[in-house]
Amino acid sequence: MLIQKTLDQGDIVSIKLLTGEEVLGRYVSETDTEIHVKKPCTLAMGQQGMGIVAWMMTTQPETTKLNKHTIIAYAPTDGEIAKAYLEATSSIKLA
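Residues numbered from 1 in each chain as written. Predicted model: local features only at pLDDT ≥ 70, side-chain atom pairs only at ≥ 80, totals over all residues. Heavy atoms only, no water.

S.K.: Looking at this structure, how should I read the overall build of the protein?
M.R.: Along its length, the protein carries one helix and six strands. Counted from the first residue to the last, the protein has its helices and strands arranged as β-β-β-β-β-β-α. Taking 95 residues into account, the globule formula puts the C-alpha radius of gyration at 12 Å, and the protein, at 13 Å, falls close to it. The C-alpha extent of the protein, read off along each of the three principal axes, is 40 × 35 × 25 Å. In the protein, which comprises 95 residues, the proportion classed as buried is 26%. Considering only intrachain contacts with a sequence separation of at least 6, the fraction spanning at least 24 residues in the protein is 50%. For the protein, the exposed area adds up to about 6600 Å²; of that, 56% sits on carbon and sulfur atoms. (Helix = DSSP H or I, 4+ residues; strand = E, 2+ residues; numbered from the N terminus. Rg over C-alpha atoms; globule rule 2.2 N^0.38 Å. Buried < 20%, exposed > 50% of the residue type's maximum accessible area, 1.4 Å probe, protein only. Contact = heavy atoms within 4.5 Å. Areas by Shrake-Rupley, 256 points an atom, 1.4 Å probe, with all protein chains shown as cover.)

See the structure below:
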């Protein structure tokens, strides 16, 4: 039996929505009805290939609440994608 580790605050999480969108964010917390993430982003194609862009361009709050009824699945983000997310959302460049 595979036991999956629960998410810890600060983990980078990938969330698949009913609309087909995939949202990346830094996991904050969750309730029975919501998942809270900081700096939600999504993948987008650009002239130089795939890039990470803000999911909602016009929001002010750093933490966004996603309704669990609109979520198909969520899981920790793949290591390389998580590294790219951290570089895109901070001034840190990872080796």
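Next, the rest of the story.
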